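Remarks on the overall topology
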Amino acid sequence: MTALLRISDYRLDFETFDGAVKVLDGVELELAEGETLGLVGETGCGKSVLARSVIGLLPRTARVRSGAIAFDGEDLLACDAAAWRRLRGHRIAMIFQDPMTYLNPVLSIGRQLGDVIRVQHAAPGAAAAPALTSAQVRARAVELLELVRLPDAAALLARYPHQLSGGMRQRVLIAMALVGTPRLLIADEPTTALDVTIQAQVLALMRDLAARLRLACVMISHDLGAVAAVCRRVAVMYAGTIVEDASADELLRAPRHPYSRGLLAALPDIDGPHAALQGIAGSLPNLLAPPAGCRFHPRCALASERCRRERPVLRPLADGAPLHRVACHHA
Ligand SMILES: Nc1ncnc2c1ncn2[C@@H]1O[C@H](COP(=O)(O)OP(=O)(O)OP(=O)(O)O)[C@@H](O)[C@H]1O
Ligand SMILES: [Mg+2]
């Protein structure tokens, strides 16, 4: 199967007053059409910077050092502003953590969703068509709200963001992201502001949308358990690189990278709520001067001379499932 998204050897620094912060370090990632992928890793490991690279929303201080990002055969690193207007919101969409930041508090849901529908309809790349009537816009808005399973969609159009719960607002944002019928949806921690039950519902909704619309979905989270429950595949990121990539089952059952094992051990045990939450000792390295070799070696119990010297590449396991890949000299 050909990949919808293919990221290879992608390196990115940020220019800062103190020097180059080496944030992404040879990222390797592929996603097929309609596939759901969870992207997990502790805060600061580069999940959002990677996501923003795929939607062309990097700060001006970002410097791409190497690699390629291909989406549906198109080279995203070569896109100019016009190309991004054609892709972003149309072929590739993204939703963010805090819906309130992206919803206008003084405009009704119907007005905001309607604006997105009108703008999308008139966008470059969209089929040239006469302007939509209000009734058409309204019908499409209702259709989208029903798609994200918001009850009483017609009545919801007249309501304002503050009249909705957090989970409902997140669903509205997902509806907005779907206006352009994208092929890829990236959700950057869409659920961290929500309670656990609502969080699980929003993730499950995205999984169902992915299946129904044949939409590839990247769900970014700190919470390995939450994304592994809904995504077919999970990629674990550490200090700017993918250290393990496997089916969700395989990753939960037999994680092979020492960092993934640590993440898994840190998951709260459902059977024993009083069990101590075991974290991974140490913290992310300073990315102004990241460790040579494997970036995880200063925190790793298995670290050897080779780990300090040679950067491990993400490769399939000799004795594992065919799609299980790990970047570790000791896997
Ligand atoms: N504009 C910037 N200039 C310099 N460094 C930056 C910039 N943006 C992000 N970084 C650094 O890049 C690294 C990765 O940040 P990123 O936001 O991608 O992490 P994350 O994995 O999304 O974390 P979180 O889980 O907290 O959202 C961090 O060390 C961060 O400090
Ligand atoms: Mg982030």
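These lines cover the structure that appears in this document, whether it is placed above or below. (Residues numbered from 1 in each chain as written. Chains lettered and ligands numbered in written order. Predicted model: local features only at pLDDT ≥ 70, side-chain atom pairs only at ≥ 80, totals over all residues. Heavy atoms only, no water.)

Another point: the site of ligand 1. Taken together, 15 residues lie near ligand 1, and Thr43, Gly44, Lys47, Ser48 and Val49 sit nearest. The separation between an oxygen atom of ligand 1 and a polar main-chain atom of Val49 is 2.9 Å. Considered on its own, ligand 1 offers 640 Å² of accessible surface; in the complex 66% of this is hidden by protein. For the shell around ligand 1, the secondary-structure elements that each account for two or more residues are strand S1 (3-16) and helix H1 (47-54). With three residues, the top contributor of residues to the shell around ligand 1 is H1. (Near = heavy atom within 4 Å. Polar contact = N/O pair within 3.5 Å; in protein donor to acceptor, adjacent residues only side chain to side chain. Areas by Shrake-Rupley, 256 points an atom, 1.4 Å probe, with all protein chains shown as cover. Helix = DSSP H or I, 4+ residues; strand = E, 2+ residues; numbered from the N terminus.)

For the pair helix H4 (residues 109-121) and helix H5 (residues 134-147), the least separation of the axes is 9 Å and the interaxial angle reads 110°. Regarding the angle of H4 to H5, the classification is roughly perpendicular. The hand of the H4/H5 crossing is right-handed. Each of Leu113, Gly114, Ile117 and Arg118 in H4 lies in contact with H5, whose residues at this interface are Ser134, Val137, Arg140, Ala141, Leu144 and Leu145. Of the residues belonging to the contact of H4 with H5, the class tally is six nonpolar, two polar and two charged. (Axes fitted to C-alpha atoms, helices over the stretch in contact; angles between N-to-C directions. Parallel < 35°, antiparallel > 145°, perpendicular 65-115°, else oblique. Left-handed = near helix turned anticlockwise from the far one by under 90°. Contact = heavy atoms within 4.5 Å. Nonpolar A, V, L, I, M, F, W, Y, C, P; charged D, E, K, R; others polar.)

What follows is about the packing of aromatic side chains. All chains considered together, the criterion is met by four aromatic pairs. On the numbers, 4.9 Å between centres and 80° between planes, the contact of Tyr238 with Phe296 is edge-to-face. Taken as a pair, Tyr238 in strand S9 (residues 233-238) and Phe296 in the loop between helix H11 (258-265) and helix H12 (305-309) lie far apart in primary sequence, 58 residues in all. Here Tyr238 falls in the buried class, since its relative accessible area comes to 1%. In this structure Phe296 comes out as buried when scored by relative accessible area, which is 2%. Put simply, the rings of Tyr238, Tyr259 and Phe296 pair up and form one aromatic cluster. (Phe/Tyr/Trp six-rings, centres within 6.5 Å; stacked < 30°, edge-to-face > 60°. Buried < 20%, exposed > 50% of the residue type's maximum accessible area, 1.4 Å probe, protein only.)

A few words on unusual backbone geometry. For residues that are not glycine, phi is negative in most cases, and the peptide bond is trans in most cases. One non-glycine residue with positive phi stands out, namely Thr181, at about 45°. The residue Thr181 is located in the loop between helix H7 (166-177) and strand S7 (184-188) in this model. Phi angles above zero are rare outside glycine, and Arg214 is one such case at about 50°. Among the structural elements, Arg214 can be located in the loop between helix H8 (196-213) and strand S8 (216-221).

This part covers H7. Here H7 is twelve residues long and its end C-alpha atoms lie 17 Å apart, about the 16 Å a rise of 1.5 Å per residue gives. By the criterion of burial, H7 is predominantly enclosed, with ten of the twelve residues buried. Here H7 has its buried residues at Gly167, Arg169, Gln170, Arg171, Val172, Leu173, Ile174, Ala175, Met176 and Ala177. Buried residues in H7 make contact with strand S6 (92-95), helix H3 (99-102), H4, H5, S7 and H8. (Expected span 1.5 Å × (residues − 1).)

Our focus in this paragraph is the layout of surface pockets. Empty space among the atoms becomes apparent when a probe as large as a water molecule is rolled across them. The volume enclosed by the largest pocket comes to roughly 540 Å³. Gly89, Met94, Val116, Met176 and Ala177 are the residues nearest the centre of the largest pocket, which is lined by 22 residues in total. Among the secondary structure elements, those contributing two or more residues to the lining of the largest pocket are S6, H4 and H7. Per element, the largest residue contribution to the lining of the largest pocket is five residues, and it comes from H4. Looking at the lining of the largest pocket residue by residue, the class counts come to 15 nonpolar, five polar and two charged. For the second largest pocket, the lining is made up of 17 residues, of which Glu30, Leu31, Arg233, Leu323 and Arg325 are closest to its centre. Taken together, the elements giving at least two residues each to the lining of the second largest pocket come down to S1 and strand S2 (19-32). A total of five residues in the lining of the second largest pocket trace back to one element, the largest contributor, which is S2. Considered class by class, the residues forming the lining of the second largest pocket number seven nonpolar, two polar and eight charged. (1 Å grid on protein atoms, 1.4 Å probe; cavity = no way out; pocket = protein on both sides within 12 Å on 5 of 7 lines; lining within 4 Å. Points joined across faces, edges and corners; volume = space filled by probe spheres on them.)

Counting across every chain of the model gives two cavities of 30 Å³ or more. Of the pockets and cavities examined, the largest cavity occupies roughly 80 Å³. Together, Leu5, Ile7, Leu29, Leu39, Lys47, Leu50, Ala51, Val54, Ile186, Val218 and Ile220 line the largest cavity. Contributions of two or more residues to the lining of the largest cavity are made by S1, H1 and S8. The class makeup of the residues in the lining of the largest cavity is ten nonpolar, no polar and one charged. In this model, the second largest cavity occupies a volume close to 60 Å³.

Once that is clear, we can look at the sheet that holds S1. The antiparallel open sheet is built from four strands, whose spatial order is S2-S1-S4-S5. Where the open sheet ends on each side, the last strands, each with one partner, are S2 and strand S5 (74-75). In this sheet, S2 lies alongside S1 in antiparallel orientation, the contact comprising eleven bridges. Across the sheet, residue Leu12 finds its bridge partner in S2, namely Leu24. The strands that H1 touches are S1, S2 and strand S4 (62-71); relative to S1, the one it contacts most, it runs at about 115°. (Pairing = 2+ DSSP bridges.)

Function-wise, these values are silent; they only describe arrangement.
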